[in-house]
Amino acid sequence: MHIWQFSRYTLLIIGLFAVTDLCNAQEKPSFAGIRSGVSIPFGEYQRTTLDGGSFTQPGVNLTVEGAWFFKPRIGIGASVALNLHPVNVSALGRAKVNDDPFLLDVFIRSDPYLIITSMMGPYAQFPIGNKLSVTGKLLAGLLYGKTPHQLYQPDFYGVSVPYYEITSSQDWKFSWQAGAGLRYEVSPCVGLVIDSDLFYDELAFGFYDASGLRTDHKKIAFVNITAGIRLNL
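**Looking at the confidence of the model for the protein**
For the protein, per-residue confidence averages 88 on the pLDDT scale, and residues scoring 70 or more make up 88% of the total. Low pLDDT, under 50, characterises residues 1-7; the predicted model gives this stretch two contacts beyond four residues in sequence or across chains. Low pLDDT, under 50, characterises residues 9-22; the predicted model gives this stretch two contacts beyond four residues in sequence or across chains.

**Some points on the sheet that holds strand β4 (residues 103-110)**
Taking strand neighbours across the sheet as the criterion, the three strands line up as β4-β7-β8 in an open arrangement whose pairing is antiparallel. In this open sheet, the two strands that pair with only one neighbour each are β4 and β8 (164-166). Direction aside, neighbouring strands of the sheet carry axes that sit 25 degrees apart on average. Bridge count between β4 and strand β7 (residues 150-156): seven bridges; the pairing is antiparallel. What sits directly across from I108, in β7, is Y152.

**Quick word on the sheet that holds strand β1 (residues 31-41)**
One closed barrel holds the eight strands; their spatial order is β1-β2-β3-β5-β6-β9-β10-β11, and the pairing between them is antiparallel. Pairs of neighbouring strands in the sheet enclose a mean axial angle of 25 degrees, with direction left out of account. Inspection of the sheet shows β1 paired to strand β11 (residues 212-232) by eleven bridges, in the antiparallel sense. Of the residues in β11, the one forming a bridge with G37 is T226.

**Quick look at helix α2 (residues 89-99)**
Every buried residue of α2 is accounted for by A91, L92, G93 and A95. In this structure, the buried residues of α2 make contact with β4 and β7.

**Things to note about the layout of surface pockets**
Taken as a whole, the largest pocket holds about 540 Å³ of empty space. Those elements giving two or more residues to the lining of the largest pocket turn out to be α2, β7, β10 (190-209) and β11. For the lining of the largest pocket, the element with the most residues is β11, which contributes four residues. Its residues assigned to classes, the lining of the largest pocket shows ten nonpolar, six polar and five charged.

**What about the nonpolar core?**
Ranked by internal contacts, the top residues of the largest apolar core, which has 25 residues, are Y45, F55, L92, I115, Y123, I220 and F222. Every residue in contact with F55, bar those within four places of it in the chain, is listed here: Y45, Q46, R47, T48, T49, L50, P86, V87, N88, A91, L92 and A95.

Quick notes on the rules
For every chain, the first residue of its written sequence is number 1, and the numbers climb from 1 along that sequence. The model is predicted, so local features are restricted to residues of pLDDT at least 70 and side-chain atom pairs to those at 80 or more, both for listing and for counting; the totals for chains, interfaces and linings are taken over all residues. Side-chain numbers come from the whole structure's heavy atoms, not from hydrogens or water. Across the chain, each position has a pLDDT score giving the predictor's confidence in that residue, from 0 to 100. Note on contacts: a residue pair is in contact if any heavy atoms of the two residues lie within 4.5 Å. Note: two strands are recorded as paired if DSSP finds a minimum of 2 bridges between them. In this description a helix means any DSSP run of H or I spanning at least four residues, a strand means any run of E spanning at least two, and both kinds are numbered starting from the N terminus. Note on geometry: axes are lines fitted to C-alpha atoms, helical ones only across the stretch in contact, with angles between N-to-C directions running from 0 to 180 degrees. Exposed residues in this analysis have more than 50% of their type's maximum accessible area, buried residues have under 20%, and partly exposed residues fall in between, with area computed by a 1.4 Å probe over protein chains only. Here a cavity denotes a set of grid points, spaced 1 Å apart and computed over the protein atoms alone, in which a 1.4 Å probe fits but from which it cannot get out, and a pocket denotes an open set meeting protein on both sides within 12 Å along at least five of seven lines; residues with an atom within 4 Å of a point are reported as lining. Grid points are joined across faces, edges and corners, and a volume is the space filled by probe spheres set on the points. Charged means Asp, Glu, Lys or Arg here, nonpolar means Ala, Val, Leu, Ile, Met, Phe, Trp, Tyr, Cys or Pro, and polar covers whatever is left, Gly included. For this analysis, a nonpolar core means a set of buried residues of the types Ala, Val, Leu, Ile, Met, Phe, Trp, Tyr and Cys, connected via side-chain atoms within 4.5 Å.

In structure tokens form, the structure reads like this:
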């Protein structure tokens, strides 16, 4: 073996030992991680009525987060999450038909609701065993929402009406997030997590119709139940 090859392997082995020692020496559970799972709407946000309901269904979530623990149990961190909630077009169509005596049927195509959050705040972690711990957080920051683009093809009694569309609207505001979960340390460097996060607020979406601009106030409420991995820093 050439000297330069030996030196390269030696440096690699030293580096691996250094990383292992760093993880083993970790006294504060700082981390960076990624999670994904189901996003479950509730309340008016998932209600299937035309007076305030959004007809949403359970969708998907993707979350990236990290936290720096300046104390063994207390830290500060940030979370960025993307949530997609599909629309129950069957229930929406039935509600439209029941609301209009001249509407025989309607075919609806709809994008999902898009909710993006970017928040930061305090994190806490409390051990309940050698490898298991409970985590909690209370964050504040940006809540962004976008309504779905929808295409309607109605069938009215005795009248031929072409299809029409409802374009997307968007809004954002300063909001909050609360969460809790379990963290299991697979190794000194890697942990597995199961988390739940709660979001609840109201957004105002503007739409133009024949009478001008109208504003729909929609309550946005959902719970994320996710699993993922955390890398200890």
